[in-house]
Amino acid sequence: MSNILECKNLRKQYGKLVALNDINLELPEGKIIGLLGPNGSGKTTLIKLASGLLVPSSGQITVGGNAPGIESKKIISYLPERNYLDNTMTVNQLIGFFGDFYPDFNKNKAVDMLTRLNIDSARKLKTLSKGTKEKVQLIMVMSRNAKLYILDEPIGGVDPAARDYILETIISNYNEDATILISTHLIADIESVLDDFVFIKNGEIVMQSSVDKIRDEQGKSVDALFREEFKC
Amino acid sequence: MLGKLTKHEIIASGRLLLPMNIALIFASLVGKFLIWITSKKAFLDSTPIAFAKIVRGISSLFTIFYILFIFAVLIATVLFLVIRFYKNHYTDEGYLMLTLPVKPISLILSKLISAIVWSIISFSVVFCSIALILRTDETKESFKTLYAEFLKTLHRMAPEMNVSFGVLVAEIIVFAMILVITKYLMYFTSISVGHSYGGKNAIINSIVALIVIQIITQIISSGVIFGLSRALPNHINTFSGSGHALQSTVIVSMILNLLFCTAYLLITNNLIKTKVNLD
């Protein structure tokens, strides 16, 4: 099995603050991987580096064998932790936008998911509630047939019902050969869907393992292990 | 991808700028109607005095509103297009735009092309609107004379500048376009510099960057013009006051502005590529 994402001695620093320090990481294809760590641990910095939103201070990061750039962006479907949509657009215009820039975008899938949620595609995004906009954004991201889905805090700040919908949407819509990297600190909610996990603390990878291995060998859930590892 | 980006950019900008321009056309028609009705002295005299006063009052108020509206359209067009560049790349929308599989230069060029297109549309609408308001039976002849004088001046200038009439007209249009492009790219660069090195004071730093860039370009322009005036023979240097001198000033200004544009593009492209750090 080849790797979809690789980091070699990856370092990112903002002035004197080291956000990521000497990260060596390999994420295989076809897995759902949790990127787990407390706030400020470097999760979002790592994700931004993979998405091409930041440039490393030193070291390397590759996605699908390419350094962040046009080729890597073609195969990444990225859901940031905030709303990135142009509110003046209608949902239909947004579908057209994604269709124009991502050849792997499945318009029918997006329309189908929107219809099931009773979201009127003719409506402007600014007329939708915050929760509905988050769902529209998730639908756009999951309607792509990408090789790497990067989801930054997809279930943070939403009610339990919405949380279930989001996880259901992620699990039932991703391309099975693809990798999903989910960043969160709400481990209990996503543990059941994870294959592997990566613990990140103070900008360093402290553990990478499969969920089953931890359960079999240590008899613990990832959530319990996380609480031990990151005990205040 | 540049074509697709430009298409979406023009449409997105049009969501505000198109209704604004349509509103200006509508305002011009209302203004024209008010001018027409207030010019009908016999009609107003035949109506009750209060009605005539109201019509004249509305007409006066509308004139003030119309002038303000004209300025608002011109300022809002530039401001809106510059703010769109900022919003699209340096706020939350950047998470979408900067992760599209396109080159940063394409993002900048699409914004620039859209800015040129909408500037041409807005300025044309403003020009037509003013012409519509000012053109009456009484002013028709004056307009014709003005236009004829303008053409005559160009015909006189062309041989003095050692170019044909057509080349002179083309030169004026190209020069105007280069100036518009230079201005927009300067705003884009200022925003990028302000954001890249501004931290939480990105907007203030963008304004500071704009002032600094303007001072630097003024110094460079003055230096080049002064240097050439010393280096070139008198009959073509910029201070000799001849048509040749005007032509050499225009050409030098065009080349200088094109060099500034290239520098702005390279700087903005590099900053978007390497220095963006969205909150």
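Refer to the preceding data block for the structure.
The model shown is predicted, which means the values in this text are computed figures rather than measured ones.

Participant: Explain the interface of chain A and chain B to me, using residue names and the numbers behind them.
Facilitator: Facing the 19 residues of chain A at the interface are 18 residues of chain B. When contributions to the side of chain A that touches chain B are tallied by element, the ones reaching two or more residues are α2 (70–75) and α3 (91–101) of chain A.

Participant: Lay out the sheet that holds strand β2 (residues 17–28) of chain A in plain terms, naming residues and giving numbers.
Facilitator: Residues and elements named next belong to chain A. Pairing in this open sheet of three strands is antiparallel, and the strands run β2-β1-β4 from one edge to the other. Every interior strand has two partners, whereas the edge strands, β2 and β4 (58–63), have only one. The sheet shows a mean angle of 20° between the axes of neighbouring strands, taken without regard to direction. Relative to β2, strand β1 (residues 3–14) runs antiparallel, the two sharing eight bridges. Looking at β2, one finds that Q13 is bridged to V18.

Participant: Residues and numbers for the environment of A:N66, please.
Facilitator: Residues and elements named next belong to chain A. With respect to the secondary-structure elements, N66 resides in the loop between β4 and α2. Taking the number of C-beta atoms within 10 Å as the measure of exposure, N66 has 13 and is therefore partly exposed. Sequence separation of N66 and I4 is 62 residues, and the distance between their C-alpha atoms is 9.7 Å. Sequence-distant contacts of N66, that is, excluding residues within four places in its chain, are made with E71 and S72.

Participant: Lay out the environment of A:K74 with the relevant residues and their values.
Facilitator: Residue and element names in this part refer to chain A. Inspection of the secondary structure assignment puts K74 in helix α2. Take K74: there are 18 C-beta atoms within 10 Å of it, and that puts it in the partly exposed class. Expressed as a C-alpha distance, the spacing of K74 and S2, which sit 72 residues apart in the sequence, is 18 Å.

Participant: Break down unusual backbone geometry for me, citing the residues and quoting the values.
Facilitator: All names here are of chain A. Look at N9: it is not a glycine, yet its phi comes out positive at around 50°. Here N9 is to be found in strand β1. According to the C-beta neighbour criterion, N9 is exposed, with 12 such atoms within 10 Å. Backbone geometry places N202, a non-glycine residue, at a positive phi of 50°. Secondary-structure assignment places N202 in the loop between β8 (196–201) and β9 (204–210).

What counts, and where the lines are drawn
Residues numbered from 1 in each chain as written. Chains lettered and ligands numbered in written order. Predicted model: local features only at pLDDT ≥ 70, side-chain atom pairs only at ≥ 80, totals over all residues. Contact = placed C-beta atoms within 7 Å. Helix = DSSP H or I, 4+ residues; strand = E, 2+ residues; numbered from the N terminus. Pairing = 2+ DSSP bridges. Axes fitted to C-alpha atoms, helices over the stretch in contact; angles between N-to-C directions. Buried ≥ 20, exposed ≤ 12 C-beta atoms within 10 Å, placed from the backbone.

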